[in-house]
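# Structural characterization, general
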Amino acid sequence: MKPKKSLGQNFLKDENILFDIAEEGKINNEDIVIEIGPGTGNLTKEILNRNPKKLIVIEKDKQLSDIIEKKFGKNLHVINKDFLNCYKDISFENPVKVFGNLPYNISTKILISLIKINNISQVFKKFIFVFQKEVADRIIAEKDDHNYGRLSILSSWKLEKKKIFDISPKKFYPIPKVWSSLVVLKPKLKCEKINKTKNLEHITNIFFNQRRKMIKKPMKQLFINYEKIGKELKLDLNLRPQNLSVEKYLEICQLYEELS
Ligand code: SAH
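Keep in mind it's a predicted model, so treat the numbers as computed, not measured.

### Focus: the overall build of the protein chain
Of regular secondary structure, the protein chain possesses twelve helices and nine strands. Computed over the C-alpha atoms, the radius of gyration of the protein chain is 20 Å, within 12% of the 18 Å expected from 2.2 N^0.38 for a compact globule of 260 residues. By sequence separation, contacts in the protein chain at least 24 residues apart represent 67% of the contacts at least 6 residues apart. With the model as given, the accessible surface of the protein chain reaches about 13,800 Å², and the carbon-plus-sulfur share is 48%. Each charge class in the protein chain was averaged separately, 49 positive and 32 negative side chains, and the resulting centres sit 4 Å apart.

Structure (structure tokens):
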């Protein structure tokens, strides 16, 4: 079968890497596990070896979901759907662990969709995801880092983050153009209240679309009396967007929601 580029099909083929990814799940026999995009089942096999209570795989490609069904049918539940169209239907008694060597063309979309879930820590226990390295670096970036931006802030709002290791393109078939990274994300039990994720997206968009400008400019765009609000928030308006902490962005967002 020819891998489909449109579905981001780059299969991991290195046994050691697959082993190490599965280990990050610390799977026990109480765990319900979901795998996004199992492909030909290389990671699936490693997950099954660890005997979770239940494994559900969601694969958009009919050909591949048939292959998986044939290979492991008895031991897992195969859903032949687009993850983005069915993740909202997921509900179990206990939070689930999610694995995915994510299709790169929609990896950030998947992450943002998950962040938008209201009670994320009640639905998900842990995400063990392979992203393209450049995206992983943006997710885990801290304030003052040049990769720090929207994705870092949105994910820090809801998730604890840890990069585990980088993966060479040579470990995949077909070989992608870029390096990848394994990242483990854990939903925070408590996070700051924001009414609409859309507002935080809007605010971080306005700030980081002009990442080299002083924050005076985006503040002016967002608030009429921006100077007073700057004082209230103890903001130095001469700073650049990358110098503000996640907490500050959440405060800005909360105030924005209060005033609008
Ligand atoms: N986990 C496998 C395959 C990773 S490639 C491995 O590591 O070898 C990405 C997989 O995601 C492919 O199988 C692709 O068909 C699947 N996929 C792409 N878009 C998807 C979507 N929207 N929903 C579910 N699966 C998807």
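Back to the write-up after that little detour.
### Re the site of the ligand
Taken together, the neighbourhood of the ligand is formed by 22 residues, with Gln9, Gly37, Glu59, Asp82 and Asn101 sitting nearest. Note that an oxygen atom of the ligand is positioned 2.5 Å from one of the side-chain N or O atoms of Glu59. Phe83 places a main-chain nitrogen or oxygen 2.9 Å from a nitrogen atom of the ligand. Considered on its own, the ligand offers 570 Å² of accessible surface; in the complex 99% of this is hidden by protein. Structurally, the ligand is housed in the largest pocket. Looking at the shell around the ligand residue by residue, the class counts come to nine nonpolar, seven polar and six charged.

### Let's talk about the nonpolar core
Phe131, Phe207 and Ile252 are the most contacted members of the largest nonpolar core, which has 60 residues in total. Looking at which element gives the most residues to this core, the answer is helix H12 (residues 246–259), with seven residues. Here this core spans two domains, since at least three of its residues come from each of domain 1 (5–187) and domain 2 (197–259). Apart from the residues within four sequence positions on either side, Ile252 is in contact with Ile203, Phe207, Met219, Phe223, Leu233, Leu235 and Leu244. Membership of the second largest hydrophobic core comes to 23 residues, among which are Ile17, Leu48, Tyr104 and Ile167.

### Considering helix H3 (residues 62–72)
Those residues of H3 lying buried are Leu64, Ser65, Ile68 and Phe72. Buried residues along H3 cover an arc of 100° about the axis, so they all sit on one side. Each element contacted by the buried residues of H3 is listed here: strand E1 (11–12), helix H2 (42–49), strand E3 (54–58) and strand E4 (77–79). A distance of 3.0 Å separates the backbone nitrogen of Gln63 from a side-chain oxygen at the start of H3, and that oxygen is part of Asp61.

### Topic: the layout of surface pockets
Estimates place the volume of the largest pocket at around 460 Å³. Leu7, Gly37, Glu59, Asn101 and Pro103 are the residues nearest the centre of the largest pocket, which is lined by 32 residues in total. For the lining of the largest pocket, the secondary-structure elements that each account for two or more residues are E1, strand E2 (32–36) and H2. Considered class by class, the residues forming the lining of the largest pocket number 15 nonpolar, eleven polar and six charged. Quantified by volume, the second largest pocket comes out at close to 340 Å³. Around the second largest pocket, the lining is made up of 15 residues, and of these Lys5, Asn10, Ile175, Pro176 and Lys177 lie nearest the centre.

Parameters at a glance
Residues numbered from 1 in each chain as written. Predicted model: local features only at pLDDT ≥ 70, side-chain atom pairs only at ≥ 80, totals over all residues. Heavy atoms only, no water. Helix = DSSP H or I, 4+ residues; strand = E, 2+ residues; numbered from the N terminus. Rg over C-alpha atoms; globule rule 2.2 N^0.38 Å. Contact = heavy atoms within 4.5 Å. Areas by Shrake-Rupley, 256 points an atom, 1.4 Å probe, with all protein chains shown as cover. Lys, Arg positive; Asp, Glu negative; His and termini not counted. Charge placed at Lys NZ, Arg CZ, Asp CG, Glu CD. Near = heavy atom within 4 Å. Polar contact = N/O pair within 3.5 Å; in protein donor to acceptor, adjacent residues only side chain to side chain. 1 Å grid on protein atoms, 1.4 Å probe; cavity = no way out; pocket = protein on both sides within 12 Å on 5 of 7 lines; lining within 4 Å. Sits in = over half its atoms within 2 Å of the grid points. Nonpolar A, V, L, I, M, F, W, Y, C, P; charged D, E, K, R; others polar. Core = buried A, V, L, I, M, F, W, Y, C linked by side-chain atoms within 4.5 Å. Buried < 20%, exposed > 50% of the residue type's maximum accessible area, 1.4 Å probe, protein only. Domains from an automatic or database assignment. Arc of directions from axis to C-beta. Points joined across faces, edges and corners; volume = space filled by probe spheres on them.

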